[in-house]
Amino acid sequence: MSGREWPLGRLAKRLGAELHGDPERVVRAIAPLGVAGEGDLSFLANRRYLRDLRTTRASAVIVGPGDAEASPTAVLVLPNPYLGYARAASLMADTPPFAAGIHPSAVVDAAAAVSPEASIGPLAVVGAGATVGAGARIGPGSVLAPEAAVGEETRLVANVTVCRGVRIGARCLLHPGVVIGADGFGLANDAGKWIKIPQLGRVEVGDDVEVGANTTIDRGALQDTVVGDGVKIDNQVQIAHNVSIGPDTAIAGCVAVAGSVRIGARCIIEGAVMISGHLEIADDVHVTGGSAVAKSIAQSGIWSSGMPAQESHVWRKMWIRMQKLDEYARRLARLERQGSGRKTDE
Amino acid sequence: MSGREWPLGRLAKRLGAELHGDPERVVRAIAPLGVAGEGDLSFLANRRYLRDLRTTRASAVIVGPGDAEASPTAVLVLPNPYLGYARAASLMADTPPFAAGIHPSAVVDAAAAVSPEASIGPLAVVGAGATVGAGARIGPGSVLAPEAAVGEETRLVANVTVCRGVRIGARCLLHPGVVIGADGFGLANDAGKWIKIPQLGRVEVGDDVEVGANTTIDRGALQDTVVGDGVKIDNQVQIAHNVSIGPDTAIAGCVAVAGSVRIGARCIIEGAVMISGHLEIADDVHVTGGSAVAKSIAQSGIWSSGMPAQESHVWRKMWIRMQKLDEYARRLARLERQGSGRKTDE
Amino acid sequence: MSGREWPLGRLAKRLGAELHGDPERVVRAIAPLGVAGEGDLSFLANRRYLRDLRTTRASAVIVGPGDAEASPTAVLVLPNPYLGYARAASLMADTPPFAAGIHPSAVVDAAAAVSPEASIGPLAVVGAGATVGAGARIGPGSVLAPEAAVGEETRLVANVTVCRGVRIGARCLLHPGVVIGADGFGLANDAGKWIKIPQLGRVEVGDDVEVGANTTIDRGALQDTVVGDGVKIDNQVQIAHNVSIGPDTAIAGCVAVAGSVRIGARCIIEGAVMISGHLEIADDVHVTGGSAVAKSIAQSGIWSSGMPAQESHVWRKMWIRMQKLDEYARRLARLERQGSGRKTDE
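Being a predicted model, the structure only gives us computed values, none of them experimental. (Residues numbered from 1 in each chain as written. Chains lettered and ligands numbered in written order. Predicted model: local features only at pLDDT ≥ 70, side-chain atom pairs only at ≥ 80, totals over all residues. Heavy atoms only, no water.)

### Considering the overall build of chain A
Phase 1 of the analysis: For chain A, the count of helices and strands is 5 helices and 40 strands.
Phase 2 of the analysis: Counting only C-alpha atoms and orienting by the principal axes, one finds that chain A spans roughly 85 × 65 × 35 Å.
Phase 3 of the analysis: Expressed as a percentage of its 346 residues, the buried residues of chain A come to 61%.
Phase 4 of the analysis: Entry remark: accessible area of chain A is about 13,400 Å², with carbon and sulfur atoms responsible for 49%.
Phase 5 of the analysis: Of the side-chain charges in chain A, 35 are positive and 36 negative, and the distance between the mean point of each set is 8 Å. (Helix = DSSP H or I, 4+ residues; strand = E, 2+ residues; numbered from the N terminus. Buried < 20%, exposed > 50% of the residue type's maximum accessible area, 1.4 Å probe, protein only. Areas by Shrake-Rupley, 256 points an atom, 1.4 Å probe, with all protein chains shown as cover. Lys, Arg positive; Asp, Glu negative; His and termini not counted. Charge placed at Lys NZ, Arg CZ, Asp CG, Glu CD.)

Shown next, in the form of structure tokens:
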């Protein structure tokens, strides 16, 4: 990035930071400590990089209260430098301008309600009864099915599909390839043949939600799938039908959430986690990467089951031993009986 | 949903159900027991919800033979109430009408064969030599490559890609983002460089197949990838080249099936299962969620290896112990030798 | 496949193979040993199929030096028959012709630079400042955002999305549904609310890279995500922001690579592997299917942690034992103390 000039004094004021340095000095871009140069703003969010701070050539650095001394250059002091970086990057980012209006190649049904302040991109489709709020942007190749609703300032980047009747709140960001409101996987078995259960619910997505590329969120069977305000979802996540996700929960890439799961508020679900169907997960639960949640979690805490890779010959040996665990336990109990005369549990 | 009025007498007849109640009473929609009200049909498929049945305000409920007494309202008795619900929902669903014909914004090659009774949606592409059967619907943004074939009454919802020469049967339902017939991952190594193996086979999808959003099914290397009649596949599933899936098998979300796997008929593969390449899985095999199938399964049965998440401090302790299993086994064997004088297996 | 006629003499010359048989005999297609017939070329890459070689009806077979005798038909002898097959298939494949030029339904910004030798397919979008090299093909429904660059002879098959500023090298192949350059998952927490970190880096994809259907590669937060020359990525892979992948590494389907991971050259990452964030993986590392890489791997080797599925009743017993491992270890240590008087490690 490389954008407008920001005098440090103005930036400090916008960030609520304490400035040590010349308020007239300008920064134009953000860069990591190790590569930053003249005109760059950097930050120290992880004290592992303290050494890089000491030698940085950045024009200014965002640091925590204890690290101002270590900097060879101007500093903006904030209690949470990573958050300061997020805020500074947002301020300084050159958001590409967008022109309101409907691109001539888009296909917008006469019965759709598109705000004159919204933008409908090239080759997008907006169906009958769909609504698009002010400041919303429907990117190229995106499809808004009939009766779907997109709130104010929400952006569908490109090639996004929002199915019939789905409601997306305000200020959401849906990345390319996202599909919201496809049928849930509902089947009844009739003597070996699968009978489809019509998926009659919808998806209700709150405000300020981000959904990563190629993520899918299915519509409910009878009631709605619900994604709360402020939820952040990474790429290639699968959210099945009837799931409910509480506000401000974050879900990293490749997570699979099965049907009717209820996830609380402010949870952190790391990458590649699987959550079995019909479970309830309390507020503020943290599940570490690659874990398989197989029962409900009733209160806040950290849960894990990811198996760390070993060198294959070590892993093979462990696996052979694991398969014999039952035998070992029995042999251990037998020894105990022989040794002590006491009866022990296997 | 909320649609036409169905008198219970007519509904019972269509479902083959025994009606206890007024045949003239009408239902218009389906709802779960706990939220159903006047005009709603509900169902008791899981006896865990028996309490909800006793207090339901639904106008009628589908129940199993033993539960008619417990209902405070009219009942339709069927041996499998869940199947009854699936059937009733299908009957009562208001299928949006569709108009046959080619949308003026679609790009249909002059050498494609599109049934006059098919619908080609806005901004869809149909290539040379492609065929589209009667009653088929190619949704907005979908791409049918040259020589691809889509059977009667099959629906590509939106933004679906069907690659060159792929054949899709009748009455299939392909959700948004589905890709059928991309190249399989075929590579030969030449002194550290990968040489692509042209993927010359196709994909053959049977009748009555459902494919979930963003699922991918690759074309075969030399022969075809085959998906049998009645197969149901959920979202974000990956089916690699040369795989064959028997009729009426169901595959839940985020499953990964590696190349040349042969899966039998009527299998149930739960979510996030991984199946290694070149395996054969018999008919009627059930693999539970998150398992990794690493060898062939020769006969019907239930298979598992999903690791249930624990609180992280418990899991860490387990993991440390697992890494020492080899040592424990050796120590156990040594104790046995000392204790009994017998020689034992480690 | 079924294409032009190839006399064996000419084919042997192109492949650098030693021919045993009539140089005038022709082949037109490639087929597996067991199904090949008159006019087919086959190959023996796995000696497990030696029996099929003895009875094949192929017109010619590519074999290794030791297997020429076993063939009932003409042979082309090569040190690596699988590589020979890859090469022969490439030579013999009928590549569909493509016409350079911009389809009238495509939307190409006046400020884009499209080579007159490139092809822009139906309903594709090319944004302002984007560049498309000679021989490149932008397939139907694909979106090239502003400032994106696609190198010579690179192909975006269909419905591919390349985001703003992303650079794709020459001779790449991007399958349908691929998304390159969506925002990475960067968030800072502010008292329970997530603040988005603008993703200001780009993606740099080298030459000769293949990316499978519905795979996603995110843009960097500050610096670029980098995919080296000759990298091959299968379907539904997720590559997070700031990742770097060395040349000639192959990544199979459904792999999840978290942020800032550095993967070396010539690695093989099998299907459904998860790699945690900020790790470094050396050159020539091989990770087997379904493993979770949770720490850096400093040198070449094979790593595993995939849990092979067992019959569920066996698995349940193993799992119960695993949960008691801590107890068993304590009991074992107690026995050792009792038995020998020695102090032992638990």
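### Remarks on the confidence of the model for chain A
Phase 1 of the analysis: Per-chain confidence: chain A averages 95 in pLDDT, with 97% of residues scoring 70 or above.
Phase 2 of the analysis: In the model output, the complex is listed with pTM 0.96 alongside ipTM 0.95. (pLDDT = per-residue confidence, 0-100.)

### So, the pairing of strand S6 (residues 60-63) of chain C
Residues and elements named next belong to chain C.
Phase 1 of the analysis: Alternating residues of S6 divide into Ala 60 and Ile 62 and Val 61 and Val 63, and every residue in both groups is buried.
Phase 2 of the analysis: The pairing of strand S5 (residues 40-43) with S6 spans 3 bridges and is classified as parallel. Its bridge partner being in S6, Ser 42 is matched across the sheet by Val 61.
Phase 3 of the analysis: Alignment of S6 against strand S7 (residues 74-77), held across 4 bridges, turns out to be parallel. Following the sheet pairing, Val 63 is matched in S7 by Val 77. (Pairing = 2+ DSSP bridges.)

### Here we look at the interface of chain B and chain A
Phase 1 of the analysis: Taken together, the contacts link 68 residues of chain B with 66 residues of chain A.
Phase 2 of the analysis: Per-residue buried area on chain B facing chain A is highest for B:Ala309, B:Trp319 and B:Leu325; these three make up 10% of the total on that side.
Phase 3 of the analysis: Between B:Asp326 and A:Arg321 there is a salt bridge, with its nearest N and O atoms 2.7 Å apart.
Phase 4 of the analysis: Where chain B packs against chain A, one counts 21 residue pairs in polar contact (both at pLDDT 80 or more).
Phase 5 of the analysis: Elements that contribute at least two residues to the side of chain B that touches chain A include exactly helix H3 (81-92), strand S28 (232-233), strand S31 (250-251), strand S40 (310-311), helix H4 (312-323) and helix H5 (325-340) of chain B. (Contact = heavy atoms within 4.5 Å. Buried area = accessible area lost by both parts, 1.4 Å probe. Salt bridge = Lys/Arg side-chain N within 4 Å of Asp/Glu carboxyl O. Polar contact = N/O pair within 3.5 Å; in protein donor to acceptor, adjacent residues only side chain to side chain.)

### Here we look at helix H1 (residues 8-15) of chain B
Because an α-helix completes one turn every 3.6 residues, residues spaced three or four positions apart along the sequence face the same direction.
Residue and element names in this part refer to chain B.
Phase 1 of the analysis: If you check which residues of H1 are buried, you get Leu 8, Leu 11, Ala 12 and Leu 15. Looking straight down H1, one finds that the buried residues subtend no more than 100 degrees of arc, so they occupy a single side. Of the residues in H1, the exposed ones pointing more than 90 degrees away from the buried face are Lys 13 and Arg 14.
Phase 2 of the analysis: Where H1 ends, the next residue or the one after it, Gly 16, has phi of about 70 degrees, a positive value. (Arc of directions from axis to C-beta.)

### A look at the state of the cysteines
Phase 1 of the analysis: Per the counting criterion, the structure on display carries 0 disulfides over all chains.
Phase 2 of the analysis: Here A:Cys163 stays unpaired: no disulfide links it, and the sulfur of A:Cys172, its closest cysteine neighbor, is 16 Å away.
Phase 3 of the analysis: Overall, A:Cys163 belongs to the buried group, its relative accessible area being 8%.
Phase 4 of the analysis: With no disulfide partner, C:Cys254 has as its closest neighbouring cysteine sulfur the one in B:Cys254, 8.2 Å distant. (Disulfide = S-S within 2.5 Å.)

### A look at the sheet that holds strand S33 (residues 262-263) of chain B
Residues and elements named next belong to chain B.
Phase 1 of the analysis: On the basis of which strands lie adjacent, the open sheet formed by 9 strands has the order S10-S13-S16-S19-S24-S27-S30-S33-S36 and parallel pairing. The sheet is open, and its two edges are formed by strand S10 (113-114) and strand S36 (280-281), each paired on a single side.
Phase 2 of the analysis: In the sheet, strand S13 (residues 131-132) pairs with strand S16 (residues 149-150) via 2 bridges, with the strands oriented parallel. Within the sheet, the bridge partner assigned to Thr 131 lies in S16 and is Ala 149.

### Some points on the relation of the copies chain B and chain A
Phase 1 of the analysis: Taken as rigid bodies, chain B and chain A are interconverted by a rotation of 120 degrees and an axial shift of 0.0 Å, the fit giving an RMSD of 0.1 Å. What we have between these two chains is a three-fold relation. (Least-squares fit on C-alpha atoms with pLDDT ≥ 70 in both.)

### Thoughts on the interface of chain C and chain A
Phase 1 of the analysis: Contact residues are listed per partner, giving 66 residues for chain C and 68 residues for chain A.
Phase 2 of the analysis: Buried surface at the junction of chain C and chain A, both sides included, amounts to about 5,500 Å², of which 64% is carbon and sulfur.
Phase 3 of the analysis: The largest share of the area that chain C buries against chain A comes from C:Phe185, C:Trp194 and C:Arg321, three residues that together contribute 13% of it.
Phase 4 of the analysis: Inspection of the chain C/chain A interface yields 6 salt bridges.
Phase 5 of the analysis: Of the charged contacts, one joins C:Arg334 and A:Glu336 as a salt bridge, the two residues approaching to 3.8 Å between their closest N and O atoms.

### A look at the side chain of C:Ser115
All names here are of chain C.
Phase 1 of the analysis: Positionally, Ser 115 belongs in the loop between strand S10 (113-114) and strand S11 (119-120).
Phase 2 of the analysis: Given a relative accessible area of 14%, Ser 115 falls into the buried group.
Phase 3 of the analysis: Ignoring anything within four residues of it in the chain, the contact list for Ser 115 reads Val 132, Gly 133 and Ala 134.

### Section: the pairing of strand S22 (residues 187-190) of chain A
Residue and element names in this part refer to chain A.
Phase 1 of the analysis: Where S22 lies against strand S23 (residues 193-196), 4 bridges are found, and the strand directions are antiparallel. Bridging from a neighbouring strand, Ala 188 pairs with Ile 195 of S23.
Phase 2 of the analysis: In this structure, the hairpin formed by S22 and S23 is closed by a connection of 2 residues, where Ala 191 is found at a positive phi of approximately 55 degrees.

### Let's talk about the packing of aromatic side chains
Phase 1 of the analysis: Here the structure, examined in full by the defined rule, presents 9 aromatic pairs over all chains.
Phase 2 of the analysis: Aromatic rings pair up to connect A:Phe43, A:Tyr82 and A:Tyr85 into one cluster.
Phase 3 of the analysis: We note B:Arg137 situated over the ring of B:Phe98; from NZ or CZ to the ring centre the distance is 4.8 Å.
Phase 4 of the analysis: Positioned over the ring face of C:Trp6 is C:Arg10, at 4.2 Å from the centre of the ring. (Phe/Tyr/Trp six-rings, centres within 6.5 Å; stacked < 30°, edge-to-face > 60°. Lys NZ or Arg CZ within 6 Å of the ring centre and 35° of its normal.)

### Side note on the packing of helix H4 (residues 312-323) of chain A against H4(B)
Phase 1 of the analysis: Between H4(A) and H4(B), the shortest axis-to-axis distance is 10 Å and the interhelical angle comes to 100 degrees. One finds that H4(A) runs roughly perpendicular with respect to H4(B). In this structure, H4(A) uses A:Trp315, A:Met318 and A:Met322 to contact H4(B), whose residues at the interface are B:Trp319, B:Met322 and B:Gln323.
Phase 2 of the analysis: When grouped by side-chain class, the residues that make up the contact of H4(A) with H4(B) number 5 nonpolar, 1 polar and no charged. (Axes fitted to C-alpha atoms, helices over the stretch in contact; angles between N-to-C directions. Parallel < 35°, antiparallel > 145°, perpendicular 65-115°, else oblique. Nonpolar A, V, L, I, M, F, W, Y, C, P; charged D, E, K, R; others polar.)

### Here's the deal with the pattern of salt bridges
Phase 1 of the analysis: The full count for this structure, using the stated rule, is 45 salt bridges over all chains.
Phase 2 of the analysis: The salt bridge partner of B:Asp248 is A:Lys193, with a shortest N-O separation of 2.9 Å. Here B:Asp248 is found in the loop between strand S30 (244-245) and S31, whereas its partner A:Lys193 is found in strand S23 on a different chain.
Phase 3 of the analysis: Accessibility expressed as a relative area gives 8% for B:Asp248, which makes it buried.
Phase 4 of the analysis: A:Lys193 sits in the partly exposed class, given a relative accessible area of 48%.
Phase 5 of the analysis: Residue B:Asp67 is joined to B:Arg47 by a salt bridge in which the shortest nitrogen-to-oxygen separation is 2.8 Å. Of this pair, B:Asp67 sits in the loop between strand S6 (60-63) and strand S7 (74-77) while B:Arg47 sits in the loop between strand S5 (40-43) and helix H2 (50-54), and the two are 20 residues apart along the sequence.
Phase 6 of the analysis: Taking the relative accessible area as the measure of exposure, B:Asp67 reaches 7% and is therefore buried.
Phase 7 of the analysis: Linked through salt bridges whose partners overlap, the residues forming this network are A:Glu327, A:Arg331, A:Arg334 and B:Glu336.

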